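So you can see what is in the structure, the chains are spelled out below.
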Amino acid sequence: MTPAIWEDTKNHVVGCQRLVIIKDDASPVAFAASNLRWWNSYAIYHLEGIIVAVQEQGTGLARALLEEELRATRAGILAFHTQNTKMWKLGEKVAVFSEKLARSLAMIIHSRNPDGIIDKMRYGGNSLYGDGERFEKIAIPDIDWRRGDAKIFAGWVRR
Amino acid sequence: MSIREIEPRESRDIFVWKTYTTSLLVNTGELPDEEKVGLTNLLSPLVAEGFM
């Protein structure tokens, strides 16, 4: 455990409106941190972070957790920032991506330097993921993720 | 550590392959400082191994 990861965890889980923790017995195996925001009359589920334990990845747990949250909050829109194709694909499973919507919501979901649907250097000039070599395989290709760029996802929740 | 569990509930039909329990915490910024630290200690190992 590095101090950087501890700080990053704290930044995600402390200060959010909703934190859902999934436990298997007493051990946490996944969590999702989010804030609810509004755009016109639509509730936006702003996903700040979702983490699934390695042994549970590929089971559908992340999708189930996200779908449950979207139902619970009755959100019409899902939005988040990511550098990760797996995360982007998860978003597309539960919501219909709209570039127009992503551009409209960029500032509402606290983008820092939005250029179209890319938030430039969101992660301070570094990748959010420490192990660049390993992450490269799943990094979103059309952003400069090594410099901290993130893509803005916004989509209409599938019903 | 104690996590203040709000609306604890058994997972429903979506988790058919396994029984999990879920806990919802709201407005975590309002938790006492020691619980913020405890929450971070609880979840940071998951972040270290399972980032997605």
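All values derive from a computational prediction rather than experimental measurement.

Trainee: I would appreciate a short explanation of the overall build of chain A in the present structure.
Mentor: Helices and strands together make up the secondary structure of chain A, namely 5 helices and 8 strands. Helices and strands in chain A line up, N terminus first, as α-β-β-β-α-β-α-β-α-β-β-α-β. Relative to the 2.2 N^0.38 estimate, which gives 15 Å for 159 residues, the radius of gyration of chain A is 15 Å and therefore close to what a compact globule would have. Considered along the principal axes of its C-alpha atoms, chain A spans approximately 40 × 35 × 30 Å. Taking all 159 residues of chain A together, the buried fraction comes to 41%.

Trainee: Explanation requested: the interface of chain B and chain A in the structure shown.
Mentor: Size of an interface: often given as the accessible area lost when the parts come together. Contact with chain B, which involves 26 residues of that partner, is made by 34 residues of chain A. Where the side of chain B that touches chain A is concerned, the elements lending two or more residues are strand E2 (21-26) and helix H1 (33-50) of chain B. For the side of chain B that touches chain A, the element with the highest residue contribution is H1(B), accounting for 12 residues. Here the residues of the side of chain B that touches chain A are counted per class, giving 15 nonpolar, 9 polar and 2 charged. Of the pairings in the sheet, the one linking strand E1 (residues 18-24) of chain A to E2(B) comprises 6 bridges and is antiparallel in character. Looking at the pairing, Arg18(A) lines up with Val26(B) of E2(B).

Trainee: Where do I start with the pairing of strand E2 (residues 27-39) of chain A in this structure?
Mentor: Two faces belong to every sheet, and in a regular strand the side chains alternate between them. Residue and element names in this part refer to chain A. Sheet analysis places E1 next to E2, joined by 7 bridges and oriented antiparallel. Each residue of the ladder has a partner; that of Lys23, found in E2, is Pro28. Examined bridge by bridge, E2 and strand E3 (residues 42-52) share 10 bridges and lie antiparallel to one another. Its bridge partner lying in E3, Asn35 is registered against His46. Between E2 and E3, which pair antiparallel one after the other, the connecting turn spans 2 residues, and Asn40 there sits at a positive phi close to 50°.

Trainee: Would you take a moment to explain the pairing of E3(A) for this structure?
Mentor: All names here are of chain A. Counting buried positions along E3 yields 9 of 11 residues, so the element is predominantly enclosed. In this structure, E3 lies alongside strand E4 (residues 77-82), joined through 3 bridges in parallel fashion. Counterpart to Tyr45 in the pairing with E4 is Leu78. The parallel pair E3 and E4 is bridged by helix H2 (residues 61-73), and the resulting crossover is right-handed.

Trainee: Even after reading the chapter, I still don't get the nonpolar core, so can you show me in this structure?
Mentor: Nonpolar side chains tend toward joint burial in soluble globular proteins. Ala30(A), Phe31(A), Leu65(A), Ile77(A), Leu78(A) and Ala79(A) are the most contacted members of the largest nonpolar core, which has 49 residues in total. Apart from the residues within four sequence positions on either side, Ala30(A) is in contact with Ile22(A), Ile51(A), Val52(A), Ala53(A), Glu56(A), Leu61(A), Ala62(A) and Leu65(A).

Conventions used here
Residues numbered from 1 in each chain as written. Chains lettered and ligands numbered in written order. Predicted model: local features only at pLDDT ≥ 70, side-chain atom pairs only at ≥ 80, totals over all residues. Helix = DSSP H or I, 4+ residues; strand = E, 2+ residues; numbered from the N terminus. Rg over C-alpha atoms; globule rule 2.2 N^0.38 Å. Buried ≥ 20, exposed ≤ 12 C-beta atoms within 10 Å, placed from the backbone. Contact = placed C-beta atoms within 7 Å. Nonpolar A, V, L, I, M, F, W, Y, C, P; charged D, E, K, R; others polar. Pairing = 2+ DSSP bridges. Right-handed = clockwise from strand over helix to strand, strands pointing away. Core = buried A, V, L, I, M, F, W, Y, C linked by C-beta atoms within 7 Å.

Without other data, these values stay purely geometric and don't point to any function.
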